[in-house]
Amino acid sequence: MNAQALAGVRVLDFTHVQSGPTCTQLLAWFGADVIKVERPGAGDATRGQLRDLPGADSLYFTMLNHNKRSLTLDAKKPEGKAALERLIRGCDVLVENFAPGVLDRMGLSWERVHELNPRMILASVKGFGPGRYEQCKVYENVAQCAGGSASTTGFDDGPPMISGAQIGDSGTGLHLALGIVAALYQRTHSGRGQKVLAPMQDAVLNLCRVKLRDQQRLQRTGTMHEYPQYPDGNFGDAVPRAGNASGGGQPGSILKCKGWERDPNAYIYFITQAAAWPAICRVIGEAGWIEDEAYATPAARLLHLKPIFERIERWTMTKTKFEAMEILNQYDIPCGPVLSMKELAEDPALRASGTVVEVEHPVRGSYLTVGNPIKLSDSPTEVRRSPLLGEHTEQVLAEFGFAPEEIACLRAAQAV
Ligand code: CAO
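No experiment lies behind these values; they were computed from the predicted model shown.

Undergrad: Which parts of the structure should I look at to understand the sheet that holds strand 8 (residues 267-271)?
TA: Adjacent strands of a sheet pair through backbone hydrogen bonds, lying either parallel or antiparallel. Spatially, the 3 strands line up as an open sheet ordered 7-8-9, and their pairing is antiparallel. A strand with exactly one partner marks an edge of an open sheet, and here the two such strands are strand 7 (252-256) and strand 9 (335-337). Here the strands of the sheet are splayed against their neighbours by 20° on average, with no regard to which way each runs. Pairing of strand 7 with strand 8 involves 5 bridges; the strand directions are antiparallel. Counterpart to S253 in the pairing with strand 8 is F270.

Undergrad: Before we go on, may I ask you to explain the side chain of R47 in this structure?
TA: In this structure, R47 sits in the loop between strand 2 (33-38) and helix 2 (59-62). When neighbours within four sequence positions are excluded, R47 is seen to be in contact with E38, A42, A56, D57, S58, F61, S70, P387, L388 and L389.

Undergrad: Help me understand the packing of helix 1 (residues 19-29) against helix 7 (residues 170-190), please; the structure alone is not making it clear to me.
TA: Each pair of packed helices gets described by two things: the angle between the helix axes and the distance between those axes. At a minimum axis separation of 7 Å, helix 1 and helix 7 run at an interaxial angle of 45°. By the angle class used here, helix 1 and helix 7 are oblique. In this structure, the crossing between helix 1 and helix 7 has a hand that is right-handed. Note on element contacts: helix 7 touches helix 1 through S170, G173, L174, L176, A177, I180 and V181, opposite S19, T22, C23, L26 and L27. Residue composition of the contact of helix 1 with helix 7, by class: 8 nonpolar, 4 polar and no charged.

Analysis parameters
- Within each chain, residue numbers correspond to sequence positions counted from 1 in written order.
- For a predicted model such as this one, the threshold for reporting local features is a pLDDT of at least 70, and the threshold for listing and counting side-chain atom pairs is 80 or more; totals across whole chains, interfaces and linings nevertheless cover every residue.
- Each side-chain value is derived from all of the structure's non-hydrogen atoms; neither hydrogens nor water enter the calculation.
- Here a strand pair is declared whenever DSSP counts at least two bridges between the two strands.
- Helix numbering and strand numbering both begin at the N terminus, where a helix is a DSSP run of H or I of at least 4 residues and a strand a DSSP run of E of at least 2.
- Only the stretch in contact is used when fitting a helix axis, every axis being a line fitted to C-alpha atoms; angles between N-to-C directions are given from 0 to 180 degrees.
- Between two residues, a contact is recorded if the distance between any of their heavy atoms is within 4.5 Å.
- Angle categories are assigned with fixed cut-offs, so that under 35 degrees is roughly parallel, over 145 is roughly antiparallel, 65 to 115 is roughly perpendicular, and the rest are oblique.
- By convention, the crossing between two helices is left-handed when the near helix turns anticlockwise from the far helix through less than a right angle, and right-handed when the turn is clockwise.
- Under this grouping Gly is polar, as are all residues other than the nonpolar Ala, Val, Leu, Ile, Met, Phe, Trp, Tyr, Cys and Pro and the charged Asp, Glu, Lys and Arg.

This is how it looks when you write it as structure tokens:
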């Protein structure tokens, strides 16, 4: 295999649960040496959460910690702390997503880390940035609520809704990974490390930026024509929930397909792109709509979106979602099947591209995971199983110059 993009970068990985581990997993997939530091005897809490096999690390853990090594060390004991400081001197990046204040209580303030290793990049996920919620502990759904996703997801007549996509955790992990790579690049000129912070609220808001766009449009004009509230309903003073309406300038909707009565995922997303309008009319058997003034222009159609999608749905209900895809794609009509997790797990193209991967694990046997979704032509990713708790403690310590007696001493002090 070619040398990988981040070969030679050493990451001390103090992350746990999901947000931080997704970040360090990406760094590992790009070739960084990621050393996960865990508490002796316990480790990352997710090892034991949502277990499907007694005694085996959970899928929650295994699917977020590929290609890493695990070292156990009690950072609160003097021996463990001293060892940790030696590791910091030899690494490039320290990544953590502890609750606010935890790292300081361990004696690892930014000032101390910078003193130990001026080239060290200290990267953190926190729930919130500076402000009134700065000290709060945060999990995924809290971030979705605080970052603007929940208030803009769901239907107009229902409560705020949480998305199945883990935009608070994995979304923030992605942001942090980019910050780390940028800081590593800046270090090549400056020679200095820096702090990198990705608050979950900010990351979610960044992913919801089109809704902040809409807030300003609403404030200026009092209406938004692509929203389902137009033309009959009322707009308040904040961006409303838009159901399954398309977020862009091209109206879209989720429509039933053949079999929807039995299969909860027999649906297709259908976009009435302006350029494809004549083809859409011909496919659904409404060629008269091409010239009809009520339907001929995008602006005219916005007044009739409900009946238009009802008519298109009468057509999609005569086809399976895959049959509809086959036909619509012949005419470049933008559409997409609603795929279940079962269908995605079995998708041959995703298997072939390495995005869905089968991994062998010594305790749980074989399991399925999502591989690296980012493909670098000169830095291919080989997904390796997650480490067992403390599997690489001695190996890592020896590589960092710890003598066998020192390793034995750490063990005796129960620091590893
Ligand atoms: N040796 C000794 N102690 C260790 C250790 C080690 N190797 N690793 C962790 N610990 C200790 C810490 O020192 C800390 O102890 P203190 O509170 O006594 O200082 C404790 O373990 C971990 O603290 P925590 O508060 O981070 O963990 P938690 O389970 O109570 O909270 C979470 C979890 C996620 C809510 C919190 O870490 C958090 O808000 N993180 C930031 C936001 C975030 O990333 N959220 C995403 C979570 S994924 O949905």
